Amino acid sequence: MKLIQYFCLLLLLVIGVGCEENMPLTYEGKDAVYIYSTNHTRTTEQTFFLIPESQERDTIWIQVQLMGKVASKKRPFVLKQINVAEDNAAISGIHYVSFDDSEMSSHLFIEKDCAEVQVPIILLRTPDMELNKCKLVLAIEENEYFAAIDLPYYADYTIMTTAIAVKPSRWDTTWYSLFGEWGSEKMKFIIEATGYTSWDESINDSQYKAYLQTKCKTALYEYNQSHPDEPLTEADGTLVEFP
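All of the points below concern the structure found in this document. (Residues numbered from 1 in each chain as written. Predicted model: local features only at pLDDT ≥ 70, side-chain atom pairs only at ≥ 80, totals over all residues. Heavy atoms only, no water.)

## Overview of helix H3 (residues 171–179)
Part 1: Of the residues making up H3, those classed as buried are Trp-171, Thr-174, Trp-175, Leu-178 and Phe-179. Along H3, the residues classed as buried sweep out an arc of 110 degrees about the axis, all on the same side. Every exposed residue of H3 that faces more than 90 degrees away from the buried side is listed here: Asp-172, Thr-173 and Ser-177.
Part 2: Among the residues trailing H3, Gly-180 stands out with phi positive, at a value near 80 degrees. (Buried < 20%, exposed > 50% of the residue type's maximum accessible area, 1.4 Å probe, protein only. Helix = DSSP H or I, 4+ residues; strand = E, 2+ residues; numbered from the N terminus. Arc of directions from axis to C-beta.)

Next up, the structure:
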């Protein structure tokens, strides 16, 4: 019996030590904030190609997360662009709404008793985007409330913006079977024919997929019938076709 009691006591001591070693580390030092991401990438690509030409602005939302303790007061943080010297750098006030603009200033705070905030990055369509991609690299600068984060992976976040057609990441897995090979003119035609723009989302509705495909095939037939000498092609002369 004594041997069993001794064994139980020893087991409890081992469990106690193990729990203590696995306790979460307490945060020490000045609070910090960083741009959080959940999709294992620190880059977002946006194109005005996918939205109506009359729409001159588009918004990318980023999540700014607190590393530290929530506070009983509202605390501002400083969002800045850190690639201004690069050749393809986005220009504040031209390609995006400046962070010191009154439209933005109300978003650059961690509210009291909060650990995160959603911040809009307002992108502006410009003629040069028809031919180029603009790069906006974001970081949060140290101020009296927050330290600069010392984790390299979270130190910055990149947004690429353009009006050039960009092949959706899901094209080969989700859309190829419906529309075939990707092309910029084909993409534009599909959007005009269907109004659909959520290309980086998956669709499980087979009937809706069939509807989109039929809509495009019908629209292409009608277009080519009305342009017998100039059927729809890509810039290199490749005929636009659907499976």
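## Considering the pairing of strand S7 (residues 116–124)
In regular strands, side chains alternate between the two faces of the sheet.
Part 1: For S7, the tally of buried residues reaches seven of nine residues, placing the bulk of the element in the interior.
Part 2: Across nine bridges, the pairing between strand S3 (residues 57–67) and S7 is antiparallel. In the strand pairing of S7, Ile-60 is matched with Ile-121. (Pairing = 2+ DSSP bridges.)

## Notes on the pattern of salt bridges
Part 1: For the coordinates displayed, the defined rule picks out eight salt bridges.
Part 2: Ionic pairing is found between Lys-80 and Glu-141, a salt bridge with its closest N-O pair at 3.4 Å. With Lys-80 in strand S5 (residues 78–81) and Glu-141 in strand S8 (residues 133–141), this residue pair connects regions lying 61 residues apart in the sequence.
Part 3: On the accessibility criterion, Lys-80 (29% relative accessible area) is partly exposed.
Part 4: By relative accessible area, which is 35% here, Glu-141 ends up partly exposed.
Part 5: Ionic pairing is found between Asp-172 and Lys-167, a salt bridge with its closest N-O pair at 3.2 Å.
Part 6: On the basis of relative accessibility, which here comes to 54%, the residue Asp-172 falls in the exposed class. (Salt bridge = Lys/Arg side-chain N within 4 Å of Asp/Glu carboxyl O.)

## Some remarks on the nonpolar core
Part 1: Ile-62, Val-64, Phe-77, Leu-79, Val-119, Ile-121 and Leu-138 are the most contacted members of the largest nonpolar core, which totals 32 residues.
Part 2: When residues of this core are traced back to their parent elements, those giving at least two are strand S1 (32–36), S3, S7, S8 and strand S9 (157–162).
Part 3: Element by element, the count of residues in this core is highest for S7, at six residues.
Part 4: Apart from the residues within four sequence positions on either side, Leu-79 is in contact with Ile-35, Ile-62, Phe-99, Leu-108, Val-119, Ile-121, Leu-138, Ala-139 and Ile-140.
Part 5: In this structure, Trp-171, Ile-190, Trp-199 and Phe-242 belong to the second largest nonpolar core, which totals 18 residues. (Core = buried A, V, L, I, M, F, W, Y, C linked by side-chain atoms within 4.5 Å. Contact = heavy atoms within 4.5 Å.)

## Some remarks on the side chain of His-95
Part 1: Position of His-95 relative to the elements: it lies in the loop between S5 and helix H2 (102–105).
Part 2: Of note is the side chain of His-95, whose polar atom sits 3.0 Å from the side chain of Asp-128.
Part 3: Setting aside residues no more than four positions away along its own chain, His-95 makes contact with Ala-89, Ala-90, Ile-122, Leu-123, Leu-124, Thr-126, Asp-128, Met-129 and Cys-134. (Polar contact = N/O pair within 3.5 Å; in protein donor to acceptor, adjacent residues only side chain to side chain.)

## Some details on the sheet that holds S8
Part 1: Strand order in this open sheet of four strands is S2-S9-S8-S5, and the pairing throughout is mixed. One side of each edge strand has no neighbouring strand; the edge strands of this open sheet are strand S2 (43–47) and S5. Averaged over neighbouring strand pairs, the angle between their axes works out to 25 degrees when direction is ignored.
Part 2: Two elements, S5 and S8, share four bridges in a ladder whose sense is antiparallel. From the neighbouring strand, Gln-81 faces S8, where its bridge partner is Leu-138. (Axes fitted to C-alpha atoms, helices over the stretch in contact; angles between N-to-C directions.)

## Some remarks on the sheet that holds S3
Part 1: Spatial strand order, S1-S3-S7: three strands in an open sheet with antiparallel pairing. Each end of this open sheet is capped by a strand with a single partner; those strands are S1 and S7. Taking the axes of each pair of neighbouring strands and ignoring which way they run, one obtains an average angle of 35 degrees across the sheet.
Part 2: As paired elements, S1 and S3 share five bridges and run antiparallel to each other. From the neighbouring strand, Tyr-34 faces S3, where its bridge partner is Gln-65.

## A look at the packing of aromatic side chains
Part 1: Taken as a whole, this structure holds 15 aromatic pairs when the rule is applied.
Part 2: Here the aromatic rings of Trp-175 and Trp-199 are separated by 4.9 Å at their centres, their planes lie at 75 degrees, and the arrangement is edge-to-face. Placement of Trp-175 in helix H3 and of Trp-199 in the loop between helix H4 (184–194) and helix H5 (206–226) is noted, with a sequence separation of 24 residues between them. Each member of the pair, Trp-175 as well as Trp-199, carries the same accessibility label: buried.
Part 3: Counting every residue linked through ring pairs, the aromatic cluster contains Trp-171, Trp-175, Phe-179, Phe-189, Tyr-196, Trp-199, Tyr-208, Tyr-211, Tyr-223 and Phe-242. (Phe/Tyr/Trp six-rings, centres within 6.5 Å; stacked < 30°, edge-to-face > 60°.)

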